[in-house]
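Chains, contacts and geometry: an overview
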Amino acid sequence: MPKEMSISSGKIQLEPGILWELVIKQTERGISCGALETIPTEYEYVEAEGINFLVRVISNLARKDAAKKSVSKNSNTSSQEFNPFLPYDKDLFVTDISDTHLCLLNKFNVVEHHLLIVTRTFEEQESLLTLEDFEAMWVVLDEIDGLAFYNSGKIAGASQRHKHLQWVPLPLSPSGERIAIAPMLATTICEGVVEKIPSFPFVHALVKFDRHEMPSPQAAAKKTLECYFNLLRAVGLLNDESNGGNSPTGAYNLLSTREWMLIVPRSQEHFQSIPINSLGFAGALLVRNEEQMKVLKEFGPLQILKTVAIEQQSVENSIHC
């Protein structure tokens, strides 16, 4: 059994019922002092296999690009790689979640109220998620309905090595579906069982949750951790015999709502010049300009996702979570 299956010793610090108020208050502060820099976008929908992909076009990346150059310069002149979470920007701090995790605003946000769930001490972004990670995730999900996700490694779209989950509020789309892949999920019956979404032409695994089994963040975390390891095994990313079950064998994206969790192994970070992270597999894509939008429409969202993931060769048997 992987060592991450141990019982959490962390303590939840966030008082119930106040997270959204804290997010709104800190967002206003972050904007007023210049710490929070929203990236303006325009958007349109691109349909594929019944999924209305929300595609945002970034209208101005100058500030973010300049900040990245500054970070790169700082890290190049230092003996250690720059870590924006140690110490974190206090103007982006929302709240302490637990003894092991805290919550920050995403400095360069495309989606309003985009949160980061960050470990207090350094852990590699490619390391396995733990019970404490899932407890922190469920504290946020229980407080505010949304989509939590984890980009495991640079190939999966991670921009920082320090372990952090992310959360965005639902609906993802300014209009239309609460989440673009919802119609596909509605036809997939897999309560407690790892299954496949028929329209997805790439390796993935899905589990739906029974919330009656998850009355608290601690109970939800315990159940989710069990499902997480089964999902990793189902897509070939965890082999207990070969590595003791303590590290994944490749990069992946993990997405979770209150109702389900999805995992997708990754093979490359970009499609041509278009970066893809977890949100792409939820049906939300981001392009930098009209040229990238043209490429996206030419190849189609699902072909792009298949290329950066791993093409589905055969349908494996379901396993119980």
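Residues numbered from 1 in each chain as written. Predicted model: local features only at pLDDT ≥ 70, side-chain atom pairs only at ≥ 80, totals over all residues. Heavy atoms only, no water.

**Comments concerning unusual backbone geometry**
- Here Leu86 and Pro87 are connected by a cis peptide whose omega angle stands at -5°.
- Mapping Pro87 onto the fold places it in the loop between helix 2 (62-76) and strand 3 (93-96).
- Cis geometry is adopted by the peptide bond preceding Pro171, which originates at Leu170 and carries an omega value of 5°.
- Assignment of secondary structure puts Pro171 in the loop between strand 7 (164-169) and helix 4 (182-186). (Helix = DSSP H or I, 4+ residues; strand = E, 2+ residues; numbered from the N terminus.)

**Here we look at the UniProt feature "active site" (unreviewed entry) in the chain**
- Sequence positions flagged by UniProt for "active site" (unreviewed entry) are, in local numbering, His164.
- Position of His164 relative to the elements: it lies in strand 7.
- Filtering out sequence-adjacent residues up to four positions away, His164 remains in contact with Phe85, Leu116, Ile117, Val118, Gln125 and Tyr150. (UniProt positions renumbered as here; feature names shortened; annotations may be inferred. Contact = heavy atoms within 4.5 Å.)

**Some thoughts on the sheet that holds strand 5 (residues 115-119)**
- Pairing is antiparallel across the open sheet formed by eight strands, whose spatial order is 3-4-5-7-6-9-10-8. Two strands bound the open sheet, and with one partner strand each, they are strand 3 and strand 8 (205-208). Each adjacent strand pair in this sheet contributes to an overall mean axis angle of 20°, direction not counted.
- Two strands pair when backbone bridges link them, and strand 3 and strand 4 (residues 101-105) are joined in this way by three bridges, in the antiparallel orientation. Among the inter-strand pairings, Phe93 is bridged to a residue of strand 4, identified as Leu104.
- Strands strand 3, strand 4, strand 5 and strand 7 of the sheet are contacted by helix 1 (residues 19-33), whose axis makes an angle of about 155° with strand 3.
- Along the sheet, helix 5 (residues 217-234) makes contact with strand 8, strand 9 (252-256) and strand 10 (260-265), crossing strand 10 at roughly 30°. (Pairing = 2+ DSSP bridges. Axes fitted to C-alpha atoms, helices over the stretch in contact; angles between N-to-C directions.)

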